[in-house]
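# Chain and residue survey
Listed here are the chains, written in short residue letters.
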Amino acid sequence: MTFEELALPLLSPLYTYARWLTSDAQEAEDLVQETFLKGLRGFASFAPGTNFRAWMYRILRNTFLTSRSGLRMQLSIDEDPGRFEDLSVDSTPESELLARHDVERLRAAIQDLPLPFREVLLLVDVEEMSYRDVAEALSIPVGTVTSRLLRARKKLREAIR
Amino acid sequence: MNHLTAEEIAAIADGEVAGSEHLRECAACANAVLGELRMKRAVREAAPRYEVPATLVKRLQPRRSAFDWLLPIAAALAIVVGGGLVLRWRAGAPAGEGGGAAPSFELVDMHTTLLASSNAVDVVSTDRHTVKPWFEGRVPFAVPVPELAPPFRLIGGRVVYWRQQPGAYLMIAKGAHRISLFIFRDDMRPTQIRNVASEVWTANGLTFVALADVSQEDLRALREAFSAGR
């Protein structure tokens, strides 16, 4: 497979991911363009058979982190396991039937999530990536993916309660 | 009885693991998985989606020969996007949009939900002469229910809604496995289905979507039973 064949189907998801990261349309475009250029240049070093999608996400994310707004972004978050208290699912399904205005509240709550939680949540729920792919894309352990995901969903539940 | 942990519940809802025997006997944990699936679905509804702006495609055009390949899609996207930035919130998109292709994850969610439910079907019968007439007046088409030969066994059916359209749901057993067969009018087809074996076909103005944790051959055999038995 050539870089073109592999990268083309990723244009749309990568752009969406860039928008989630930057929340700025122009910056997202720059990010995707740079990602494609870096991907093309680095493609010789990409090991066939490994995960190309995660590789491209990682390039995009690293590019973002070294950009000006990426550096501004507060990425230091409290990963102390003690803070993950009370993750048991305590709400009944009935209470989670979402009305229209709840969708608005949920949308606002997603936007309010700190980036490390928001990106894991969206990659798993919207892009349907596996925990392992997300871990690879974000260069974090699978256990961290799980804990961020659970914490993100907990925050959302509280927001729409 | 050891209940599932929050991690295990999430892993099941996220399709990381196949499921758990525990779910069959524990309503609390089954409910927790359902809650997680509902949350996932709500997030998908509420999450912002963006279309690739034509300006970006243009920027990826061949100043370098390596980007020659982007030209054809640039043309295609220019038609679709029509210039400028198109931002679309997913929940704001009208139902049934997209030339009849509707998101398949809703069907997969329904499949998972109904399998976890203790009363998945409203008409419980292995007899097609009971199930077929039950749908009359409940869905706007005649539901084909053929005589099923082993290894398949009819369990029952119910009415489901997908994209505001009523459809028939048949639950079919193959050994310990459960197969969900959704039948809708032919004006909607699901997008590509992931994470579960599926068989999609159309016949006599109806769309059939079979989902199950069984082999593709089994689903094809079921499809043949429905094609032959009308």
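In the block above lies the structure referred to throughout.
This text gives an overview of the structure that appears in the document. Small disclaimer: the values here were computed from a predicted structure and weren't measured. (Residues numbered from 1 in each chain as written. Chains lettered and ligands numbered in written order. Predicted model: local features only at pLDDT ≥ 70, side-chain atom pairs only at ≥ 80, totals over all residues. Heavy atoms only, no water.)

### Focus on helix 8 (residues 131–138) of chain A
As a reminder, the rule being used: Think of it in three bands: with a 1.4 Å probe and only protein chains considered, a residue is buried below 20% of the maximum accessible area for its type, exposed above 50%, and partly exposed in between. Helix and strand labels come from DSSP, where a helix needs a run of H or I of at least four residues and a strand needs a run of E of at least two; each type is numbered from the N terminus. The contact definition used throughout considers only heavy atoms, calling two residues in contact when any of these lie within 4.5 Å.
In terms of residue burial, helix 8 of chain A counts as a mostly covered element, since six of its eight residues are buried. Among all positions of helix 8 of chain A, only Y131(A), D133(A), V134(A), A135(A), A137(A) and L138(A) are buried. Packing partners of the buried residues in helix 8 of chain A comprise helix 2 (11–22), helix 4 (52–65), helix 7 (115–125) and helix 9 (142–160) of chain A together with helix 1 (6–13) of chain B. One or two residues past the end of helix 8 of chain A sits S139(A), with phi positive at roughly 55 degrees.

### Observations regarding the pairing of strand 10 (residues 206–212) of chain B
To keep it simple, the criterion reads: A strand pair is defined by DSSP finding two or more bridges across the two strands.
Among the seven residues that make up strand 10 of chain B, seven are buried, leaving the element largely enclosed by the rest of the structure. In sequence, strand 9 (residues 197–203) of chain B turns back onto strand 10 of chain B through a hairpin of two residues, with N204(B) there showing a positive phi of about 50 degrees.

### With respect to the nonpolar core
Using the following cut-off: As used in this record, nonpolar core signifies buried Ala, Val, Leu, Ile, Met, Phe, Trp, Tyr and Cys residues forming a set joined through side-chain atoms within 4.5 Å.
Among the nonpolar cores identified, the biggest contains 63 residues, and F36(A), F52(A), M56(A) and L156(A) are the most heavily contacted of them. In terms of residue count, the dominant contributor to this core is helix 4 of chain A (eight residues). With near-sequence residues (within four places) excluded, L156(A) lies in contact with L106(A), A109(A), I110(A), L113(A), L121(A), M39(B) and V43(B). Residues V131(B), L148(B), V159(B) and A212(B) belong to the second largest nonpolar core, which totals 29 residues.

### A closer look at the side chain of K40(B)
Tracing the backbone shows K40(B) in helix 3 (residues 27–46). The exposure class assigned to K40(B) is buried, which follows from its relative accessible area of 6%. Once you skip the residues sitting within four places of it in the chain, K40(B) turns out to touch V124(A), D125(A), R153(A), A13(B) and D14(B).

### Observations regarding the environment of A168(B)
Residue and element names in this part refer to chain B. Tracing the chain through its elements places A168 in strand 6 (residues 165–174). Taking C-alpha positions, A168 is 5.9 Å from F182, a pair spaced 14 residues apart along the chain. Beyond its immediate chain neighbours, meaning those up to four positions away, A168 contacts F135, V139, F141, V143, R158, V160, L181, F182 and I183.

### Section: the environment of S125(B)
All names here are of chain B. With respect to the helices and strands, the residue S125 is situated in the loop between strand 4 (123–124) and helix 7 (128–134). For the pair S125 and R153, spaced 28 residues apart in sequence, the C-alpha to C-alpha distance is 9.9 Å. Once residues within four sequence positions are removed from consideration, S125 is found in contact with T130, V131, L154, I155 and G156.

### Focus on unusual backbone geometry
Cis geometry is found at the peptide bond from P150(B) to P151(B), where omega equals 15 degrees. Looking at the secondary structure, you find P151(B) in the loop between helix 7 and strand 5 (152–162). Positive phi, close to 55 degrees, is recorded for E128(A), a residue that is not glycine. Summarising the element assignment, E128(A) is placed in the loop between helix 7 and helix 8.

### Observations regarding the pairing of strand 9 of chain B
Residues and elements named next belong to chain B. Counting buried residues along strand 9, five of its seven residues qualify, which places the element largely inside the surrounding structure. In the sheet, strand 9 pairs with strand 10 via seven bridges, with the strands oriented antiparallel. If you follow W201 over to strand 10, its bridge partner there is F208.

### Observations concerning the sheet that holds strand 7 (residues 177–185) of chain B
Residue and element names in this part refer to chain B. Rules: In this analysis, axes come from line fits to C-alpha atoms, helices being fitted only over the stretch in contact, and the angle between any two N-to-C directions falls in the range 0 to 180 degrees.
As summarised here, the arrangement of the six strands in space is 4-5-6-7-10-9, forming an open sheet in which the pairing is antiparallel. Each edge of the open sheet is held by one strand with a lone partner, namely strand 4 and strand 9. As defined by bridge partners, strand 5 adjoins strand 6 across ten bridges and the pair is classed as antiparallel. Across the sheet, L154 pairs through a bridge with I172, a residue of strand 6. Across the sheet, helix 6 (residues 105–116) touches strand 5, strand 6, strand 7 and strand 10, and the angle it forms with strand 7 is around 135 degrees.

### Let's talk about the packing of helix 8 of chain A against helix 9 of chain A
All names here are of chain A. So the rule is basically this: Throughout this description, any angle smaller than 35 degrees is read as roughly parallel, any larger than 145 degrees as roughly antiparallel, any in the 65 to 115 degree range as roughly perpendicular, and the remainder as oblique. The nonpolar class holds Ala, Val, Leu, Ile, Met, Phe, Trp, Tyr, Cys and Pro. Asp, Glu, Lys and Arg form the charged class, and all remaining residues, Gly among them, are polar.
Interaxial distance between helix 8 and helix 9 falls to 8 Å at its minimum, and their mutual angle equals 105 degrees. Classified by the interaxial angle, the pair formed by helix 8 and helix 9 is roughly perpendicular. Between helix 8 and helix 9, the residues in contact are Y131, R132, V134 and A135 and V142, V145, T146 and L149, respectively. When the residues that make up the contact of helix 8 with helix 9 are grouped by side-chain class, the tally is six nonpolar, one polar and one charged.

### Here we look at the packing of aromatic side chains
Aromatic ring pairs are defined here through the distance separating the ring centres and the angle between the ring planes. All names here are of chain A. Short version of the rule: Under the pairing criterion, centres of Phe, Tyr and Trp rings, with the six-membered ring standing for Trp, must be within 6.5 Å; the plane angle then separates stacked pairs below 30 degrees from edge-to-face pairs above 60, leaving the rest tilted.
Here the structure, examined in full by the defined rule, presents 15 aromatic pairs over all chains. On the numbers, 5.5 Å between centres and 65 degrees between planes, the contact of F3 with F43 is edge-to-face. Here the residue F3 occupies a position in helix 1 (residues 3–7), and F43 occupies one in the loop between helix 3 (25–42) and helix 4, the gap between them amounting to 40 residues. An angle of 85 degrees between the planes, with centres 6.1 Å apart, marks the rings of F43 and F52 as edge-to-face. On the basis of relative accessible area, F52 is assigned to the buried category, the value being 7%.

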